[in-house]
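# Fold and contact review
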Amino acid sequence: MNGCPMCGFTPASIDGFLAWSPELANNNDGFPQESFEGLARVEAGNFWFRARNTIILWALRKYFPGFHSLLEVGCGTGFVLSGIVQAFPNARMAGSEIYTAGLAFAAKRLPGVELFQMDARKLPYEAEFDVVAAFDVIEHILEDESALQNFHRAIKPGGCCLITVPQHQWLWSYVDEAACHKRRYSAKELHRKIEAAGFSIIRSTSFVSLLLPLMIASRLATRRPDAKCGGDELTLNPSVNRMLEAVMLIEHRLIKWGVNFSLGGSRLVVAKKQSM
């Protein structure tokens, strides 16, 4: 997309990417852009990112296997989208990110994929994609309901929206503050906002549920002013990392078998835009 055919607006170019919200490309309160380098370094080896990718790919295969186009909003360093590209090589893929710093890392992982600098609250699309996805993104946006409405408008009738978010406000800690989270969701709040945007929810479950006691202990241990959001704190002992990933694999199998967890550090929601 090089411009809007309706209004004639042509996006700027920043750092080699088309920028639809250039005023936010290097300065906004949604996420510390210096964290992208650390995330790019550790995502592929960290149990949580790997387990989340496994759940995301399973959800796409189960609930919308025949999609032809997908936009990931807030694609960050491109780790999730690179997994989706490998699993669905024939689909059109696009990624948006508010920071061009994130897109620089994504471009290395995603040669040939459309990448744009955009504000999730102002997507320039109408019925453009079969799937719009946002993985741990909308908790960074104060106007999350506006973002969800934009997702709905960008999806074709009968298409799918796939979302993950951090869950339970009682898990709030300095880690959330360092990550520039605006909130942690309850299932009730998230469902209400997704349905208000026009979607019908077809699957919703917590994940990081079996590890919730460890997560609570970790959160209590990081209630300190030196907590960070980046790479070093995500680097685990290899044996511990393998053990945690094995637990997440058990949890994933339970979700595949139809178990919906009510409690967990994160929540996955699969929603559908009604056909016209």
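Residues numbered from 1 in each chain as written. Predicted model: local features only at pLDDT ≥ 70, side-chain atom pairs only at ≥ 80, totals over all residues. Heavy atoms only, no water.

## Details of the nonpolar core
Nonpolar side chains tend to gather and get buried jointly when the protein is soluble and globular. With 50 residues, the main nonpolar core has Leu60, Phe67, Ile84, Met93 and Leu162 as its most contacted residues. Residues within four places of Leu162 in sequence aside, it is in contact with Ile56, Ala59, Leu60, Val132, Ala133, Ala134, Phe135, Leu268, Val269 and Val270. Counting residues in each nonpolar core, the second largest holds 30 residues, with Trp20, Leu123, Phe151 and Ile194 among its members. (Core = buried A, V, L, I, M, F, W, Y, C linked by side-chain atoms within 4.5 Å. Buried < 20%, exposed > 50% of the residue type's maximum accessible area, 1.4 Å probe, protein only. Contact = heavy atoms within 4.5 Å.)

## Re the sheet that holds strand β9 (residues 266-273)
Pairing is mixed in the open sheet, where nine strands are placed in the order β1-β2-β5-β4-β3-β6-β7-β9-β8. Pairing within the sheet leaves two strands with one partner each, and these edge strands are β1 (12-14) and β8 (199-207). On average, each strand axis in the sheet is tilted by 25° relative to the strand beside it, whichever way the strands run. Bridge count for strand β2 (residues 17-19) against strand β5 (residues 114-117) is two bridges, and the pairing is parallel. Along β5, the bridge assignment pairs Ala19 with Gln117. Those strands touched by helix α2 (residues 47-63) are β3 (69-73), β6 (129-135), β7 (155-166), β8 and β9, and its axis lies near 25° from that of β9. (Pairing = 2+ DSSP bridges. Helix = DSSP H or I, 4+ residues; strand = E, 2+ residues; numbered from the N terminus. Axes fitted to C-alpha atoms, helices over the stretch in contact; angles between N-to-C directions.)

## A look at the packing of aromatic side chains
Taken as a whole, this structure holds five aromatic pairs when the rule is applied. Geometrically, the ring pair formed by Phe36 and Tyr99 is edge-to-face, given 6.0 Å between the ring centres and 80° between the ring planes. Placement of Phe36 in helix α1 (residues 35-42) and of Tyr99 in the loop between β4 (92-97) and α4 (100-109) is noted, with a sequence separation of 63 residues between them. Ring plane angle 85° and centroid distance 5.8 Å describe the contact between Trp58 and Tyr63, whose orientation is recorded as edge-to-face. Accessibility expressed as a relative area gives 9% for Trp58, which makes it buried. Across the ring face of Tyr63, the terminal group of Lys62 is positioned such that the distance to the ring centre comes to 5.5 Å. (Phe/Tyr/Trp six-rings, centres within 6.5 Å; stacked < 30°, edge-to-face > 60°. Lys NZ or Arg CZ within 6 Å of the ring centre and 35° of its normal.)

## Focus on the pattern of salt bridges
Once the charged atoms of two side chains with opposite charge are near each other, the side chains can pair. This structure, assessed with the given rule, holds twelve salt bridges. Note that Asp144 and Arg183 form a salt bridge whose closest N and O atoms lie 3.5 Å from each other. Linking Asp144 in helix α5 (residues 144-154) with Arg183 in the loop between α6 (174-178) and α7 (187-196), this pair joins segments that are 39 residues apart in sequence. (Salt bridge = Lys/Arg side-chain N within 4 Å of Asp/Glu carboxyl O.)

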